[in-house]
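Below are the chains, spelled out letter by letter.
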Amino acid sequence: MSNRQNIAPNDLSAFWMPFTANRQFKKAPRMFVAAKDMYYTTSDGRQVLDGTAGLWCVNAGHCRPKIVSAIAEQAAEMDYAPAFQMGHPKAFQLANALVGIAPEGLNHVLYTNSGSESVETALKVALAYHRVKGDGARFRLIGRERGYHGVNFGGISVGGIVTNRKMFGTLLTGVDHMPHTHTPGKNTFTRGEREGDGEALANELERIVTLHDASTIAAVIVEPVAGSTGVLIPPKGYLKKLREITKKHGILLIFDEVITGFGRLGTPFAADYFGVVPDMIVCAKGLTNGTIPMGAVLVTSEIHDAFMQGPEHMIEFFHGYTYSGNPVAAAAGLGTLETYKDEGLLTRGADLAKYWEDALHSLKSLPHVIDIRNLGLIGAVELEPIAGSPTKRAFSAFVKAFEEGILIRTTGDIIAMSPPLIIEKAQIDTLIGKLGEILKGLE
């Protein structure tokens, strides 16, 4: 690639950027032009330590050789194969590999192109499953306040982030929301999961079941750890209790593991970490290390087999995408899983979790810090908002961090971090050390 392509274009107006303050960005753009392992290179040639795995997705670090060569070889060998009524070997190989690392019983895979599409797919599977079982009155979907399940209509309906919902009309009907697990002002600076109110919070689902009747509820969807809203860690026993209640009432439990999947908590999936097996796992991001867009929904044999009825020449489930199991994406997925396996990355977070936790909590006494939360290799530092200007303090920390050579993410006045799983202890020291200096200088 010529260096000309690595120069920021003069006119930035054509691209309407996602989840971005476009006017402000285009006045002072922040551009990356290259990446390797733990670092990005900016358009002015500076190295920036990646504290967010891109956008929660580059779990194996950047431009890893096995993934790069898998993509290049596949693009040259076969660029595309039709997704409907035809197949290609790598889509099946990757499905087998995913089932191999998934919790016991999740034996089948549907492919998508993103976390958002994975959520829509799982919600449709849930509704259709009850229907093929002769239980079509189960149409309700239950999400959670502050939940993030992507940006498509199903996802924002079960999601609970108001800015993502308020502009878009009536959304899906028949949806309700459990309360989130955060208790502002209480349990601050907890290391990992807090004790105490897990079962009580999960029992809010019983209240919703009583209100609507179990016979109308198809599925409950939650993030095991709520990521995009600012890293909300569930209290001990919460997810186990949710599983108990959903089982009792014949309701499917869907884990949105778009962020927690592929080693983020020091286990292949959060389901493993919490010892709770849902009926479906939604994943994306770390599936291809962020290289080629791809998502997947893992489902139990019970769900899959319910559809495998009737005449064999008939399509069993009317759903899918042009790019479901795309050959280049499947190759990227195989290269990614191989890299995770070679380097033990799906469990490496367990070894680093304590060091990461101690480093994060060292920021406790700094100005404006009102809470710190962590689990596995995820962390959040919550700042006191500037009166009358919410989000401004954290955003100025984000801009300053970029200037100082670290990449962090902010949501509201919460700084979130989730570094690639290849991070070394010295790099944790750099990331948290620089963040500490930035926090000291904030107004």
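Calculation notes
- Every chain's residues receive numbers from 1 upward, in the order its sequence appears when written.
- Since the coordinates come from a predicted model, pLDDT governs what is reported: local features require at least 70, and pairs of side-chain atoms require 80 or more to be given and counted, while whole-chain, interface and lining totals use all residues.
- Hydrogens and water are ignored here; the side-chain numbers use all heavy atoms of the structure.
- Put simply, DSSP marks the helices as runs of H or I at least four residues long and the strands as runs of E at least two long, and each gets a number from the N terminus on.
- In this treatment the radius of gyration is a C-alpha quantity, and the globule benchmark scales as 2.2 Å times the residue count to the 0.38 power.
- Working definition: with a 1.4 Å probe on protein chains only, accessible area under 20% of the residue-type maximum means buried, over 50% means exposed, and in between means partly exposed.
- Surface accessibility follows the Shrake-Rupley procedure with a 1.4 Å probe radius. Residue values consider only the protein chains on display as shielding.
- Any two strands are treated as partners once DSSP identifies two or more bridges connecting them.
- A residue's pLDDT is simply how confident the predictor is in it, with values from 0 to 100.
- Stacked, tilted and edge-to-face are the three classes applied to pairs of Phe, Tyr and Trp rings, where Trp contributes its six-membered ring and a pair requires centres within 6.5 Å; stacked means planes under 30 degrees apart, edge-to-face means over 60, and tilted covers the rest.
- For a ring to carry a charge above it, either NZ of a lysine or CZ of an arginine must fall within 6 Å of the ring centroid while also lying within 35 degrees of the normal to the ring plane.
- One fewer than the residue count of a helix, multiplied by 1.5 Å, yields its expected span.
- Whenever two N or O atoms come within 3.5 Å, that pair is a polar contact, provided that in protein one can donate a hydrogen and the other can accept it, and provided that, for residues adjacent in sequence, both atoms are side-chain atoms.

Student: I'm lost on the overall build of the chain in this one. Help?
Tutor: Within the chain, the secondary structure is distributed over 16 helices and 15 strands. In terms of overall size, the chain behaves like a compact globule, its C-alpha atoms giving a radius of gyration of 22 Å where 443 residues would be expected to give roughly 22 Å. The principal-axis extents of the C-alpha atoms in the chain amount to approximately 65 × 55 × 45 Å. Across the 443 residues that make up the chain, the buried fraction comes to 54%. A total of about 19,900 Å² of accessible surface is found on the chain, and carbon and sulfur atoms cover 55% of it.

Student: Quick question: what am I supposed to make of the pairing of strand 5 (residues 140-144) here?
Tutor: A regular strand places its side chains so that they alternate between the two faces of the sheet. Burial analysis of strand 5 places 5 of its 5 residues in the buried class, which makes it a mostly covered element. Side chains of strand 5 alternate between two faces, with Arg140, Ile142 and Arg144 and Leu141 and Gly143 buried alike. Here 3 bridges tie strand 5 to strand 7 (residues 217-222), and the two strands are oriented parallel to one another. From the neighbouring strand, Leu141 faces strand 7, where its bridge partner is Ala219. In this sheet, strand 6 (residues 175-178) lies alongside strand 5 in parallel orientation, the contact comprising 4 bridges.

Student: I keep staring at the confidence of the model for the chain and nothing clicks. Help me out?
Tutor: Regions with low pLDDT carry predicted coordinates that are not meant to be interpreted in detail. Predicted confidence across the chain gives a mean pLDDT of 96, with 98% of residues reaching 70 or more. Taken element by element, the chain is modelled with least confidence in helix 8 (residues 198-202), mean pLDDT 95, and with most confidence in strand 10 (residues 295-300), mean pLDDT 99.

Student: Is there a simple way to explain the packing of aromatic side chains in this structure?
Tutor: Any pair of aromatic rings gets described here by the distance separating the centres and the angle formed by the planes. A complete count under the given rule lists 8 aromatic pairs for this structure. Between Phe32 and Tyr40, the aromatic rings sit 4.1 Å apart at their centres with planes inclined by 5°, giving stacked as the arrangement. Of the residues examined, Tyr40 reaches a relative accessible area of 13% and is grouped as buried. Measuring from centroid to centroid gives 6.3 Å for Tyr80 and Tyr323, while their planes differ by 85°, and the two rings are edge-to-face. On the criterion of sequence distance, the pair formed by Tyr80 in the loop between helix 3 (65-77) and helix 4 (89-101) and Tyr323 in the loop between helix 12 (301-307) and helix 13 (327-343) is long-range, its members being 243 residues apart. Connected via pairs of aromatic rings, a cluster forms that spans Phe32, Tyr40 and Phe402. A cation over a ring is seen here: Arg46 above Phe402, with NZ or CZ 4.9 Å from the ring centre.

Student: Just checking my understanding: could you explain helix 15 (residues 392-404) for this structure?
Tutor: An α-helical segment advances 3.6 residues per turn. Residues three or four places apart therefore align on the same side. Relative to the 18 Å expected for 13 residues at 1.5 Å per residue, helix 15 spans 18 Å between its end C-alpha atoms, a close match to the ideal helical length. Taken as a whole, helix 15 has its buried residues at Arg393, Ala394, Ala397, Phe398, Ala401 and Phe402.

Student: Can you help me understand helix 13 in this one?
Tutor: The end-to-end C-alpha distance of helix 13 is 24 Å, a good match for the 24 Å that 17 residues give at a rise of 1.5 Å each. The element helix 13 is extensively covered by neighbouring structure, given that 13 of its 17 residues are classed as buried. Put simply, Asn326 is the residue that caps the front of helix 13, since its side-chain oxygen is 2.9 Å from the backbone nitrogen of Val328. Positioned one or two residues after helix 13, Gly344 has a phi angle of 60°, which is positive.

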